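In case you want the letters, here they are:
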Amino acid sequence: MVEISVIIPTHNRKEFLKRALRSVRAQKGPVFETLVIDDGSTDGTAAMVEKEFPEARYFYFENQGPAAARNRGIERAEGEWIAFLDSDDEWKPGKLRAQKDFFKEHPDYEICQTEEIWIRNGRRVNPMLKHSKKSGRIFEACLPLCIISPSAAMMHRRVFEEIGSFDESLPACEDYDLWLRITAAKPVGLIETPFVIKYGGHTDQRSHAFPAMDRFRIVSLVKILKSGVLNAEQAQRTRSILLSKAEIYCAGAAKRGKQDEVLKIQTLLQSVHETLQTA
């Protein structure tokens with residue numbers, strides 16, 4: 001019986017994907033399956049996976065972005081637990097075993113992540129203090145930016161049944177959006193051993209395609225404020241972060257002459273105000 005479903009979304013990253021799949025193949029202990037969700041690759045990914053990693057379940061879809069790819073993986077997963085691995089990252093041996101052991105020792109947790117090693121342009125770098133991972137009730141710590149990495153996380157599939165899956169309307173920051181919804185309701189465990197090697201600096205990262213990432217975080221903050229799931233303290237802190245991000249983003253957009261962007265954000269803020277006034 002499959003215990004864990006490993007979901008790897010990918011798009012034209014054939015060489016990176018080989019490294020990721022090798023690191024999954026090296027995992028021992030729990031019974032797991034590997035799902036490669038190909039988000040419209042044209043670089044021979046399908047042939048490579050079939051030839052070199054026949055144990056993986058391969059699925060091809062027209063390009064719709066990482067949120068849709070991860071969701072298609074969740075829909076097809078057979079395991080009780082879900083683990084994600086970005087195709088440009090890799091795991092160190094023992095990652096899956098360590099997380100399954102964590103859940104055995106902490107049955108009240110449904111999601112945990114491990115520490116990670118960061119590599120930028122071929123060199124190891126130290127994450128800034130603002131990226132420090134935390135454990136427990138970490139909703140407020142997640143508001144400024146992502147401190148949960150998809151490649152480091154494992155969660156029970158019922159989390160998605162209760163909270164929902166990735167928001168496919170977001171072309172970026174879809175993980176930030178999900179972590180906000182999860183951490184508003186659930187504690188997150190942390191394994192302090194770095195079982196993930198996270199690579200950055202290459203040109204196909206989402207941060208290169210969408211340089212003003214806070215515009216998507218603003219949308220997520222608005223969504224969760226309007227959802228009504230936050231307690232008073234969470235809502236107050238969320239509103240504070242939202243207003244701060246909106247002020248900075250609008251100032252930058254106005255400076256670049258993008259008044260339409262300013263208007264969009266102002267409209268979103270007004271919708272939040274109206275929702276909270278009638279709540």
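Nothing here was measured: the structure is a model prediction, and the numbers come from that model.

A look at the overall build of the protein
(1) Moving on: When helices and strands are counted, the protein shows eleven helices and nine strands.
(2) Moving on: For a compact globule of 279 residues, the expected C-alpha radius of gyration is about 19 Å, and the protein comes in at 19 Å, within 12% of that figure.
(3) Moving on: The proportion of buried residues among the 279 residues of the protein is 53%.
(4) Moving on: Considering only intrachain contacts with a sequence separation of at least 6, the fraction spanning at least 24 residues in the protein is 76%.
(5) Moving on: Averaging the coordinates of the 41 positive side-chain charges in the protein and doing the same for the 39 negative ones gives two points 4 Å apart.

Regarding helix H9 (residues 214-227)
(1) Moving on: End to end, H9 covers 20 Å across 14 residues, agreeing with the expected 20 Å (1.5 Å per residue, within 8%).
(2) Moving on: Directly after H9, the chain includes Gly 228, whose backbone phi takes a positive value near 80°.

Thoughts on the pattern of salt bridges
(1) Moving on: Throughout the structure, instances matching the rule amount to 23 salt bridges.
(2) Moving on: A salt bridge links Arg 72 to Glu 75, with the shortest nitrogen-to-oxygen separation between them at 3.0 Å. Pair noted here: Arg 72 and Glu 75 are both in helix H3 (residues 66-76), with a separation of three residues, about one helical turn.
(3) Moving on: One salt bridge in this structure joins Lys 223 and Asp 167, with 2.6 Å as the shortest N-O distance. Residue Lys 223 is found in helix H9, and its partner Asp 167 is found in the loop between helix H6 (158-163) and helix H7 (174-183); the two are separated by 56 residues along the sequence.
(4) Moving on: Residue class for Lys 223 comes out partly exposed when judged on its relative accessible area of 30%.
(5) Moving on: One connected set of salt bridges, linked through shared partners, spans Arg 72, Glu 75, Arg 76 and Glu 168.

Re the environment of Glu 55
(1) Moving on: With respect to the secondary-structure elements, Glu 55 resides in the loop between helix H2 (45-52) and strand E3 (57-61).
(2) Moving on: Since its relative accessible area comes to 44%, Glu 55 is described here as partly exposed.
(3) Moving on: At 3.0 Å, the side chain of Glu 55 and the side chain of Arg 25 are in polar contact.

Re the packing of H7 against H9
(1) Moving on: Between H7 and H9, the least distance of the axes is 9 Å, while the angle of their chain directions is 25°. Here H9 runs roughly parallel to H7, going by the angle between their axes. Where H7 crosses over H9, the handedness of that crossing is right-handed. Residues Tyr 176, Asp 177, Leu 180 and Arg 181 of H7 lie in contact with H9, whose contacting residues are Arg 217, Ser 220, Leu 221, Lys 223 and Ile 224.
(2) Moving on: For the contact of H7 with H9, the residue count by class is four nonpolar, one polar and four charged.

Regarding the packing of H9 against helix H10 (residues 232-255)
Working note: a packed helix pair is described by the angle between its axes plus the distance between those axes.
(1) Moving on: Axis separation between H9 and H10 bottoms out at 10 Å; the angle between their running directions is 150°. Here H9 is positioned roughly antiparallel relative to H10, judged by the angle of their axes. Note on packing geometry: the crossing formed by H9 with H10 is left-handed. Contacts from Asp 214, Arg 215, Arg 217, Ile 218, Leu 221, Val 222, Ile 224 and Leu 225 of H9 reach H10 at Ala 235, Thr 238, Arg 239, Ile 241, Leu 242, Lys 245, Ala 246 and Tyr 249.
(2) Moving on: Each residue belonging to the contact of H9 with H10 can be placed in one class, and the counts come to ten nonpolar, one polar and five charged.

Cut-offs applied
Residues numbered from 1 in each chain as written. Predicted model: local features only at pLDDT ≥ 70, side-chain atom pairs only at ≥ 80, totals over all residues. Heavy atoms only, no water. Helix = DSSP H or I, 4+ residues; strand = E, 2+ residues; numbered from the N terminus. Rg over C-alpha atoms; globule rule 2.2 N^0.38 Å. Buried < 20%, exposed > 50% of the residue type's maximum accessible area, 1.4 Å probe, protein only. Contact = heavy atoms within 4.5 Å. Lys, Arg positive; Asp, Glu negative; His and termini not counted. Charge placed at Lys NZ, Arg CZ, Asp CG, Glu CD. Expected span 1.5 Å × (residues − 1). Salt bridge = Lys/Arg side-chain N within 4 Å of Asp/Glu carboxyl O. Polar contact = N/O pair within 3.5 Å; in protein donor to acceptor, adjacent residues only side chain to side chain. Axes fitted to C-alpha atoms, helices over the stretch in contact; angles between N-to-C directions. Parallel < 35°, antiparallel > 145°, perpendicular 65-115°, else oblique. Left-handed = near helix turned anticlockwise from the far one by under 90°. Nonpolar A, V, L, I, M, F, W, Y, C, P; charged D, E, K, R; others polar.

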